[in-house]
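Each chain is listed here by its residues.
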Amino acid sequence: MLYTTQDSTYLEKYNTLEKLLDKQEYEVALKNALDLLNQDIDNKTRYKTSLIISQIFANNNSVEKSISYAKRSLKYIKEDSIISEGKTSLLRNNFYLSKAYLNIGNGFLNLSLKDSISGLIYRDSAKNYYDKVINIDGLDKNIQSIKAKASSNLSGIYMQDSAFKMSEKYAKYAISIHENLNNKISQSAALGNLASNYLNQEDYVQAKATYKKALDLIKFDTSLRATRIREQLYFNLAYNLYVLKDYKAYETQEKSYNIKDSLRDIEYRAMLEDLDFKYDFDSQKKILLEKAKVKRLEDQQIFLGIGIACLLVIFSLIYKIKLNNLKQNNLALKLSETKLLQNQQIDKLRSETQVRILNATIDGKESERKQIAETLHDSVSALLSSANLHLQATRKQFNGSTPLEIDKTQEIIAEASHKIRDLSHTLVSSVLLKFGLNFAIKEIATKYSNSELIIETEIEKVARYHQNFEIKVYNIINELINNILKHSMAKKALITLKEEEGKLYITIKDNGVGFDKTKINENHGLGINQIDARIQMMKGYFNIDSSKKKGTKITIELPIVEREIMSHV
């Protein structure tokens, strides 16, 4: 009877842990879970509690600890499976077994994203544990749901490895599970993975149809998770439509940005509500009392400071009298020092002036290139199109016997239009102006990749910014990629972009021959100096890490300039 009561108490404590986890009260949940784990509890409570701790660490990006507790849970589950008997026990164990495998797989997948050197090993480990999830027996809805999550993650891994057939197989498996469970939100997300797989294979028509199917599933769902998925689906569909030269690409992209803006508003409101909850009237009263106490201490320090200052003045007067005789002797030395400081200031001003002149020149070139590109694209191309339409209308008046000159004129107009489009794109990337850095940098990677050099991209949370800021960032990256093509003799290069806390972090790495940083001005000259000057004026950080035969890593950190919000009257 005592054991039953004690067991019931442990169950109550575990249920409390689940509620705390749902409310995201991680600190309290972790403390209570660790306390429970240190007590004399049965295996069932032990492996369930270990899984709670694993999930807490996972939600707070402590990946190694999450894996450790999931593996500990796995050990207790296997011990419990040996002791337990009957199908009910087996089913219960299989559910928690699948959760443990999933947590470990997710942990290794996160490690692969953080560590590019050991990424392949971590991805293989993640695959292994996801496979274990899929091979678990059980038609229980909860087990099936976990299998679908593992399948979706496997699909993403195989897509990253360019194993598109395997990626498609697991994406479809996840879709079928969600469809059977009537989970439309998860089914929509899985369809998004499948569409992205088609997009990576350049099967744009199939990708478009799959994205639209995914959007139709959650068309009327206003939940936060459905909204987040819808925003990402619109974002990817916009690029897909752009590649298909579908004019709805811009409209679709605008939908994505509108949803993203609304999600940000929701996040801000949640933060404000949280602050309002935490800092109620009593808290404000305590803060005011603390401020009053600090003010009294500051007043005391001010009076003490005045007294010390008076003493210092007296001592300084005595000191000055004694030093008066030495001043004459040191006057010449001080004049020399002053002259040296002045020269240093002049050199600094000269250097800053050169940087400003250099940046003004670059700004002027960028502005001029943008203006020419827009003129060519918006005006000259439109005029040529209009001329072609007039010729087309004229052609109809000849009743089939069109003069040869009209055919030749239309061919010349078509060739001129093509050259103007190429020239416009050379001056300023049209993909950059229409879709932003995300797709423009991917286009750079695709354009410059060949059989000798593979350029890959990893782009996270990069939104649309002020157009001038995007052009500057694009030109900096383009110049650095040109340097890789000209000098590095690399086989692989990687461009990463990430937005975090109001800054854009850019890393460009290659496995080329590298160079001696001490001779950078001799070898690379104006290009690197221009980039350095540009980043200084943008109030950013620029660093080059390179040595001979060990490749090059360039790190750039820039404060983001947000795009202007157009007001509608």
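Reference entry: report on the structure contained in this document. Given the structure is predicted, the values throughout are model-derived calculations rather than measurements.

## Re the packing of aromatic side chains
Scanning the model with the defined rule gives 13 aromatic pairs in all. Ring geometry for F95 against Y96: centres 4.9 Å apart, planes inclined by 65°, an arrangement best described as edge-to-face. As far as burial versus exposure is concerned, F95 and Y96 are alike and both buried. Ring plane angle 25° and centroid distance 6.2 Å describe the contact between F108 and Y122, whose orientation is recorded as stacked. A residue pair is termed long-range when its members are at least 10 positions apart, and F108 in helix α5 (residues 87-114) and Y122 in helix α6 (residues 119-134) qualify at 14 residues.

## Considering the pairing of strand β2 (residues 492-500)
Bridge count for strand β1 (residues 454-460) against β2 is seven bridges, and the pairing is parallel. Note that in β2 the partner of E456 across the bridge is L494. As for the winding sense of the linkage, the β-α-β connection from β1 through helix α17 (residues 467-488) to β2 is left-handed. The pairing of β2 with strand β3 (residues 503-510) spans eight bridges and is classified as antiparallel. Its bridge partner being in β3, E500 is matched across the sheet by K503.

## A look at the pattern of salt bridges
Counting across every chain of the model gives nine salt bridges. Linking E470 and R464 is a salt bridge whose minimum nitrogen-to-oxygen distance equals 3.0 Å. According to the relative accessible area criterion, E470 is buried, its value standing at 1%. The class of R464 is buried, set by a relative accessible area of 11%. Through salt bridges that share partners, R123, D124, K127 and D161 make up one connected network.

## As for α17
An ideal rise of 1.5 Å per residue puts 32 Å on 22 residues; α17 measures up with 31 Å between its terminal C-alpha atoms. After α17 finishes, the residue M489 shows a positive phi value of roughly 60°.

## Things to note about the sheet that holds β1
To summarise the sheet geometry, strands pair through backbone hydrogen bonds and adopt either a parallel or an antiparallel arrangement. Strand order in the open sheet made by the five strands is β1-β2-β3-β5-β4, with mixed pairing throughout. Every interior strand has two partners, whereas the edge strands, β1 and β4 (541-546), have only one. Sheet twist, expressed as the mean angle between neighbouring strand axes with direction ignored, is 10°. Of the pairings in the sheet, the one linking β3 to strand β5 (residues 552-559) comprises eight bridges and is antiparallel in character.

Parameters at a glance
- Residues numbered from 1 in each chain as written.
- Predicted model: local features only at pLDDT ≥ 70, side-chain atom pairs only at ≥ 80, totals over all residues.
- Heavy atoms only, no water.
- Phe/Tyr/Trp six-rings, centres within 6.5 Å; stacked < 30°, edge-to-face > 60°.
- Buried < 20%, exposed > 50% of the residue type's maximum accessible area, 1.4 Å probe, protein only.
- Helix = DSSP H or I, 4+ residues; strand = E, 2+ residues; numbered from the N terminus.
- Pairing = 2+ DSSP bridges.
- Right-handed = clockwise from strand over helix to strand, strands pointing away.
- Salt bridge = Lys/Arg side-chain N within 4 Å of Asp/Glu carboxyl O.
- Expected span 1.5 Å × (residues − 1).
- Axes fitted to C-alpha atoms, helices over the stretch in contact; angles between N-to-C directions.

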